[in-house]
Amino acid sequence: MGQAKPFEISKQVVWEAYKRVSANKGACGVDEESIQDFEANLKDNLYKLWNRMSAGSYFPPAVRRVEIPKESGGLRALGIPTVSDRIAQMVARIYLEPKVEPYFHKDSYGYRPKKSAIEALGVTRKRCWSYDWVLDLDIRGFFDNLDHMLLMRAVRKHTDCEWILLYVERWLKAPVQLKDGTLADRDKGTPQGGVVSPLLANLFLHYALDEWMRKNYPNIPFERFADDVVFHCRTEAEAKTLKTVIGERLAQCKLELHSEKTKIVYCKDDKRQRDYPNMKFDFLGYTFRPRQSRTKLGKLFVGFNPAVSNKAATSMRRTMRKWRLHRRSDKSLSDISRAVNPILRGWINYYGKYQRSALYPTFQHLNCTLTRWAMRKYKRLRWCPKRAEKGLGKIARREPSLFAHWQIHIRPPAG
């Protein structure tokens, strides 16, 4: 008989973890092994992973550091674990999440089952109508500065499972492989890009912020999505006081308030007419600010409402430019629509939830690109942009379902 493993980890859970990681796709880690490479020897790879985790001999490899542009400018550092390490992290997450999830605050929306960014936006919108002031909070380098000792203390509050504690600590200490291939040790932070990191981040902020607010300021509502937080206050004085005490609270937890990006905002509308330096804020890809709207009877009024942010619109246009559709004259219009429609639908479903008309200029940019495609593909249209635009307009009216954005009446003119 084989020797019993010190840790009981279900093979079925390892299989479930693999399926979730495979569905999320993702880039290669430091070993340059893709999901397809891992699947080439799937049974053996999963068995080896289960065997090492069950034996306590699993040591996570280094995390590959990549930098991506931030919408606000600068670069965001992500940590990409290997495929097998992502599966191992998912195993731990499947076991740990049910233990901590029931304790989380109802207004914590990020990376949680049955919670979403759209839900957070809807709650924020309603509360901005009821509260005159917002404290828009920004934590400086949150994922990079999480204190390991405090985080492990939070994990131990919810589980005494030895292997979860062992591997979470190993993941926190796993080195980072920099762009030049050198390894850097970590004594704080959790990689933004790791599978278990969002759960650990939520657990940290649950005690650092959510529970602290519930105990000390139960009458100040807020919405939190990971480290993005919006608080609703009745007066400017209340918002200023809250900013000060939260800064002190975060310092106790070895985090820092980003003083330049944290701001107090006045929710101006028809009934709230005061002038104030800040009357808008961004949250989850939307900008909340005074906007002209209509009642059901058609009467105009100014409300404090969300619509797609300029940063998000710029990011969408940047993605469209990367498609280089105007150069794909080898493709038919149907080929192009099949390729881009899944992305367009995702944008429309998310950014079109509130003030859909704010998307129109962004999608008109796509129509201009399609016009350039038509001019390049058909010789008779090469020097006739107006004719190309009208020709596309006729197709759009004949087949409005061809492109997702045409279905919401963003079409070239048919002439």
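Residues numbered from 1 in each chain as written. Predicted model: local features only at pLDDT ≥ 70, side-chain atom pairs only at ≥ 80, totals over all residues. Heavy atoms only, no water.

Trainee: I'd like a description of the packing of helix H8 (residues 197–216) against helix H9 (residues 236–252), backed by residues and values.
Mentor: Between H8 and H9, whose axes approach to 11 Å, the crossing angle comes to 140 degrees. With respect to H9, the axis of H8 lies oblique. Seen from above, H8 lies across H9 with right-handed handedness. Of H9, the residues touching H8 (which contributes Tyr 207, Ala 208, Leu 209, Trp 212 and Met 213) are Leu 242, Val 245, Ile 246 and Arg 249. (Axes fitted to C-alpha atoms, helices over the stretch in contact; angles between N-to-C directions. Helix = DSSP H or I, 4+ residues; strand = E, 2+ residues; numbered from the N terminus. Parallel < 35°, antiparallel > 145°, perpendicular 65-115°, else oblique. Left-handed = near helix turned anticlockwise from the far one by under 90°. Contact = heavy atoms within 4.5 Å.)

Trainee: Lay out the packing of helix H12 (residues 360–377) against helix H13 (residues 385–398) in plain terms, naming residues and giving numbers.
Mentor: Where H12 meets H13, the axes come as close as 9 Å, and the angle between the chain directions of the two elements is 110 degrees. With respect to H13, the element H12 is oriented roughly perpendicular. When you trace H12 past H13, the crossing you get is right-handed. Two secondary-structure elements touch here, H12 through Asn 367, Leu 370, Thr 371, Ala 374 and Met 375 and H13 through Pro 385, Ala 388, Glu 389 and Leu 392.

Trainee: Summarise the sheet that holds strand E8 (residues 263–266); cite the residues concerned and give the values.
Mentor: The strand order across the open sheet formed by four strands is E6-E7-E3-E8, and the pairing between neighbours is antiparallel. Both edges of this open sheet fall to strand E6 (222–225) and E8, since each of them pairs with a single strand only. If you compare each strand with its neighbour and ignore which way they point, the axes differ by 15 degrees on average. Bridging between E6 and strand E7 (residues 228–233) involves four bridges; their strand directions are antiparallel. The residue of E7 that forms the bridge with Phe 225 is Asp 228. Its contacts with the sheet put H9 on strand E3 (133–137), E7 and E8, and the angle it makes with E3 is roughly 20 degrees. (Pairing = 2+ DSSP bridges.)

Keep in mind that these numbers describe shape and distance, not what the molecule does.
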